[in-house]
Amino acid sequence: MIGVGYDSSPKKIVLEVTCPFCGMPVNRPKELAVRRPGEMPVGSCAACGAVYAYDATGHNLGAAFVEALVFACNGDWDLAWGLLPEEDYQRKIVERYDGETHRIVPGGVFEGRRVAGALYFLRLQQDIREVTAEGVEKELQRAKPISREVRCRRAVEGLTKKQVEEYVRAYQVKPLLEAAARDKKVIRHLQRLLYAGDRFFRLHAADLLGQVAAVIAREDPAAVTALLQGLFNYFEYSAASSWGAVDAIGEIIANAPDIFAGFIPTIYRFLHDEALRPSALRALGRIAKERPDLMSKAAFHVLPYLHSADPETRGYTVWLLGNLGLPETAQALASLRDDTAEIEIYERGKITRKTVGHLAVEALEKIATR
């Protein structure tokens, strides 16, 4: 039964926090013992096994979803991204949650304080819970009460959309990185620029989004994870051009590979789409340039594209293989040394035109020096 407390004013009605799936009371969310900066507190319903993540601001529900999903899967990211909504799990959001009192405040104000927090609940299907439940319970047993820093988290003022657009156009990196350290909303402003009409501007935006995301990921990796998931989901709901989304995915992973390498396999699926293939090869090439050790499977996926009729597909495949530096690809690359088709290579704010043959020679040189 839901408990209700009255405090003379209807706006001060408070409700006991209960699970939206089974109606039973739930405990306060806790911070996991092994916790990355920015990770949200989590909890679990003892009655039905649903888990929940606490968004103190109520404005980061995408990140809260990611936290709840990965926590429900006992930290197994591969399992988490392989699950489908409604089929493998259900979701519900409980708004107006007050972390100070562990109560729901329908009026949004309690004792002079604005209450805007939210609990993002997620319940896996029974057969999946049977696999993950024991690990989830062990994590909660080691968890700690929420720190005051999390309970009192507030948004800070940041750059406007117009300012972000001007910095991107001028490729001014420093003010964007400084803003990212104060306010992660800058990634939303950059994301919208990925769909601008100017291709060079889109590449600027993708590049800078990757650098900014790396700054934010140090404090709030969940926010960047939610961004990545949103970029991947874009292709599930839109038949439009990829614009800068695939390039942005590559830049984000390349700038923070230790955190986001788990997303690399998902890029390979874009290779099967002829329209997305050049962008996917560019994205994989960017990651390979930073961390070739994470890309051991890439050569197997892309070698057939050296014989593509599309110059961009051939060229970006050569560039990717050069960044990998694998001796076993040298013979295939050597066969393209006389290819005169030209493509554009974007790197850190500049575009250069190179022939596929030139890229093949550069790739062979990289292999020879490794």
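Residues numbered from 1 in each chain as written. Predicted model: local features only at pLDDT ≥ 70, side-chain atom pairs only at ≥ 80, totals over all residues. Heavy atoms only, no water.

**Considering the overall build of the protein**
As a reminder of what qualifies: Strands here are runs of E lasting at least two residues and helices are runs of H or I lasting at least four, both read from the DSSP assignment and numbered beginning at the N terminus. Note on exposure labels: buried denotes an accessible area under 20% of the residue type's maximum, exposed denotes more than 50%, and partly exposed covers the range between, all computed with a 1.4 Å probe on protein chains only. For this analysis, residues touch if any pair of their heavy atoms sits within 4.5 Å. Shrake-Rupley sampling with a 1.4 Å probe provides the accessible areas, and residues are treated as covered by the protein chains on show and by no other component.
Summing up its helical and strand segments, the protein has 17 helices and 13 strands in all. The 370 residues of the protein split such that 50% are buried. Long-range pairs, those at least 24 residues apart, make up 66% of the contacts in the protein between residues at least 6 apart in sequence. For the protein, the accessible surface area stands at approximately 17800 Å², while carbon and sulfur atoms represent 51% of it.

**Considerations on a negative patch on the surface**
Worth spelling out the cut-off: Each patch is built from residues that are more than 30% exposed by relative accessible area and take part in no salt bridge. Like charges join if they lie within 9 Å; nonpolar side chains (Val, Leu, Ile, Met, Phe, Trp, Tyr) join within 5 Å. Here a salt bridge means any side-chain nitrogen of Lys or Arg lying within 4 Å of a carboxyl oxygen belonging to Asp or Glu. Under the convention used here, Asp and Glu are negative, Lys and Arg are positive, and both His and the chain ends fall outside the count. The location of each charge is read from NZ of Lys, CZ of Arg, CG of Asp or CD of Glu.
Residues D273, E274, D310 and E312 make up a contiguous surface patch of negative charge. Inspection of the secondary structure puts D273 in the loop between α12 (264-267) and α13 (277-290).

**Concerning the environment of P327**
Note on placement: P327 falls in the loop between α15 (311-324) and α16 (330-334). Spatially, the C-alpha atoms of P327 and R370 are 8.8 Å apart, while their sequence positions differ by 43 residues.

**Topic: the packing of α13 against α15**
The cut-off we apply is this: Only C-alpha atoms enter the line fits that serve as axes; for helices the fit covers just the stretch in contact. Angles between N-to-C directions range over 0 to 180 degrees. Any angle between 65 and 115 degrees counts as roughly perpendicular, while under 35 counts as roughly parallel, over 145 as roughly antiparallel, and the rest as oblique. Should the near helix be turned counterclockwise from the far one by less than a right angle, the crossing is left-handed, whereas a clockwise turn marks it as right-handed. Put simply, Ala, Val, Leu, Ile, Met, Phe, Trp, Tyr, Cys and Pro go in the nonpolar bin, Asp, Glu, Lys and Arg in the charged bin, and everything else, Gly too, in the polar bin.
Running from amino to carboxyl end, α13 crosses α15 at an angle of 15 degrees, the nearest separation of the two axes being 8 Å. Comparing their axes, α15 and α13 come out roughly parallel. Here α13 and α15 pass one another in a crossing that is left-handed. Contacts between α13 and α15 pair R277, P278, L281, R282, L284, G285, R286, A288 and K289 from the former with E312, T313, Y316, T317, W319, L320, N323 and L324 from the latter. Residue composition of the contact of α13 with α15, grouped by class: 8 nonpolar, 4 polar and 5 charged.

**Focus on the confidence of the model for the protein**
The criterion, for reference: Known as pLDDT, the predictor's confidence for each residue is given on a scale from 0 to 100.
On average, residues of the protein score 87 in pLDDT, and 90% of them reach the 70 mark or higher. Strand β1 (residues 4-7) is the least confidently modelled element of the protein, averaging 38 in pLDDT, while α15 averages 97, the highest of any element. In this model residues 1-11 is a low-confidence stretch, pLDDT under 50, and it forms 18 contacts with partners more than four residues away in sequence or in other chains.

**Some words on the environment of C73**
For C73, the position within the fold is in the loop between α1 (61-72) and α2 (77-81). Given a relative accessible area of 2%, C73 falls into the buried group. Put simply, C73 and K297 are 224 residues apart on the chain and 25 Å apart in space, counted from C-alpha to C-alpha. Residues contacting C73, with those up to four places away along its chain left out, are L79, A80, L83 and T132.

**Focus on the packing of helix α8 (residues 199-219) against helix α10 (residues 245-255)**
Packing of α8 against α10 brings their axes to within 8 Å, and their N-to-C directions diverge by 30 degrees. Between α8 and α10, the angle falls in the class roughly parallel. As α8 runs across α10, the sense of the crossing is right-handed. Contact residues: L203, A206, D207, L209, G210, Q211, A213 and A214 in α8; D247, A248, E251, I252 and N255 in α10. Grouping the constituent residues of the contact of α8 with α10 by class yields 7 nonpolar, 3 polar and 3 charged.

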